[in-house]
Amino acid sequence: MAVRIIKSGIYSVGAIDWDRKLFDELIPLPQGTSYNSYIVEGTNKTALIDTVDPTKTQELLYNLDETGLNIDYIISNHAEQDHSGSIPAVLEKFPDAVIVTNPQCEKLLKSFFELSNAKLKVIGDGETLSLGDKTLKFIFTPWVHWPDTMVTYAIEDEILFSCDFFGSHLATSELFGPEDISRLIPSKRYYAEIMMPFRPMILNNLKKIESLEIEIIGPSHGPLILNPTEIMNLYVKWASNESSNQVVIPYVSMHGSTELMAKYLIDALIKRGIEVKPFNLSKMELGEFLIDLVDSSTLVMAAPTVLTKPHPFMAQILYLVNVLRPKLKYGAIIGSYGWGTMMEDEIKGLLNNLKINYHETLLIKGLPKEEDFKKLDNLADQILETMGN
Ligand code: FEO
């Protein structure tokens, strides 16, 4: 990424990763990502806010050369390696620079790198750092995305450097994100994949920053945000307990019986005017499924039994659902088996983090028959009754 000026004395010096397709060897990145790093140049001192993924260290060092500035402080908002991984190289280039961070982040940085206390300045929540005509304020915002995360607010310029908070995995040549709705798809995907497990902490952290005058949000992934109120309101909506009447139906079928049940239920729900999002687990894109989990009230799991347990594709996705803790209120289990099943208990055990009210389970032997379709109609009626609750 070329060096770009955000405001007088504020530069973007990070790196775009056009080619990265997977984060943490888990999260698909269909649109790549970026590791944003910023310089705030004051009349007395200059600070670098976060660094970049170790794979992009050379791009950051090149950009720092381009600015010709000396770095006095490295602000570390978060220790995860996609933001801290180039700190050793920056320290080597600027041996007098000091890392400014919070106590939690300090501990993590010391676990990743050889760092002496002389290289670290540990600040408290709400503390400020003067760079001369510019002042940085540090606000601790734990769990967006690790316990160490904080945001840095450039007071005079009204820019919030939010690190992972409000980010999006999007590689783009645009410095600023568009104001239209298309901007929100990568943001919602990112929220679903990274932020969703931390809903109560997100609401607390939003309260901590709501009184700030914010003109621009500079996250550490994706384009800068010119409409902070919109993204903050969306985070309130996504993190609140309010859910939509949408039903998400992940399904997988081995010999077609479970698929017949899933498809019948999908149609039965549509006939009742209910919005349905089916996902064939053998073909779906993970991020699209997770996006729909953000707001949905009901999850219907449709799977065949394999050796008495749910099909491994279902078990795999439910493991992730359980750790991401979406605000689901209702659930249902349907599927087919051959000679025996213990699927109901297994699935409920896999979702032990969630407070779900389950509709009656429908597991049938072999192909669904007329009476089974009637039971699926009953299930659709039950789901309709819970809508709006
Ligand atoms: Fe972008 Fe939690 O690191």
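Computed from a predicted model, the values in this text were never measured in an experiment.

With domains assigned, the protein is organised as domain 1 (4-239) and domain 2 (248-386). Taking only C-alpha atoms into account, the centre of domain 1 sits 39 Å from that of domain 2. Facing the 14 residues of domain 1 at the interface are 15 residues of domain 2. Counting across the interface, domain 1 meets domain 2 through two salt bridges. Here Arg189 makes a salt bridge to Glu285, at a shortest N to O gap of 2.9 Å. Summed over the shared surface of domain 1 and domain 2, the number is four residue pairs in polar contact (both at pLDDT 80 or more). Counting residues per element, the side of domain 1 that touches domain 2 draws most heavily on helix H5 (residues 184-195), at six residues. Class assignment for the residues of the side of domain 1 that touches domain 2 results in nine nonpolar, no polar and five charged.

Their axes nearest at 9 Å, the elements helix H6 (residues 199-209) and helix H7 (residues 228-239) cross at an angle of 150 degrees. Between H6 and H7, the crossing angle belongs to the class labelled roughly antiparallel. Taken as a pair, H6 and H7 cross one another with a handedness that is left-handed. In this structure, H6 contributes Arg199, Ile202, Leu203, Leu206 and Ile209 to the contact, and H7 contributes Met232, Tyr235, Val236, Trp238 and Ala239. When grouped by side-chain class, the residues that make up the contact of H6 with H7 number nine nonpolar, no polar and one charged.

Tracing the chain through its elements places Asp292 in helix H9 (residues 286-293). By relative accessible area, which is 13% here, Asp292 ends up buried. With near-sequence residues (within four places) excluded, Asp292 lies in contact with Gln246, Val248, Lys277 and Phe279.

You will see that Glu158, though not glycine, has its phi angle at about 55 degrees, which is positive. Following the sequence through the fold, Glu158 ends up in the loop between strand S14 (150-154) and strand S15 (159-163).

A word on the packing of aromatic side chains. Taken as a whole and assessed by the stated rule, the structure comprises 12 aromatic pairs. Taken together, a centroid distance of 6.3 Å and an interplanar angle of 75 degrees make the contact between Phe112 and Phe113 edge-to-face. Phe112 sits in the partly exposed class, given a relative accessible area of 30%. Of the residues examined, Phe113 reaches a relative accessible area of 16% and is grouped as buried. Seen in terms of ring centroids, Phe165 and Tyr235 are 5.7 Å apart; in terms of plane orientation they differ by 80 degrees. Their pairing is edge-to-face. With Phe165 in the loop between S15 and H5 and Tyr235 in helix H7, this pair connects stretches of sequence that are 70 residues apart. This pair shows no difference in class: Phe165 is buried, exactly as Tyr235 is. One aromatic cluster in this structure is built from Phe165, Phe166, Tyr191, Tyr235 and Trp238.

Time to look at the sheet that holds strand S16 (residues 216-219). On the basis of which strands lie adjacent, the open sheet formed by five strands has the order S12-S13-S14-S15-S16 and mixed pairing. With partners counted over all chains shown, the strands left at the sheet margins are strand S12 (128-130) and S16, one partner each. Across this sheet, the average inter-strand angle for adjacent strands is 20 degrees, counted without regard to direction. The sheet contact formed by S14 and S15 spans three bridges and is antiparallel. Bridge pairing links Thr152 to Phe161 in S15.

To continue, consider the pattern of salt bridges. Per the counting criterion, the structure on display carries 16 salt bridges. Taking the shortest distance from any N to any O, the salt bridge between Lys56 and Glu59 comes out at 3.4 Å. Residue class for Lys56 comes out buried when judged on its relative accessible area of 16%. Relative accessible area serves as the criterion here: at 28%, Glu59 is assigned to the partly exposed category. A salt bridge links Asp65 to Lys93; the nearest nitrogen and oxygen atoms lie 2.5 Å apart. Linking Asp65 in helix H1 (residues 57-67) with Lys93 in helix H3 (residues 87-93), this pair joins segments that are 28 residues apart in sequence. Through salt bridges with shared partners, a single network forms among Arg189, Glu193 and Glu285.

Conventions adopted
Residues numbered from 1 in each chain as written. Predicted model: local features only at pLDDT ≥ 70, side-chain atom pairs only at ≥ 80, totals over all residues. Heavy atoms only, no water. Domains from an automatic or database assignment. Contact = heavy atoms within 4.5 Å. Salt bridge = Lys/Arg side-chain N within 4 Å of Asp/Glu carboxyl O. Polar contact = N/O pair within 3.5 Å; in protein donor to acceptor, adjacent residues only side chain to side chain. Helix = DSSP H or I, 4+ residues; strand = E, 2+ residues; numbered from the N terminus. Nonpolar A, V, L, I, M, F, W, Y, C, P; charged D, E, K, R; others polar. Axes fitted to C-alpha atoms, helices over the stretch in contact; angles between N-to-C directions. Parallel < 35°, antiparallel > 145°, perpendicular 65-115°, else oblique. Left-handed = near helix turned anticlockwise from the far one by under 90°. Buried < 20%, exposed > 50% of the residue type's maximum accessible area, 1.4 Å probe, protein only. Phe/Tyr/Trp six-rings, centres within 6.5 Å; stacked < 30°, edge-to-face > 60°. Pairing = 2+ DSSP bridges.

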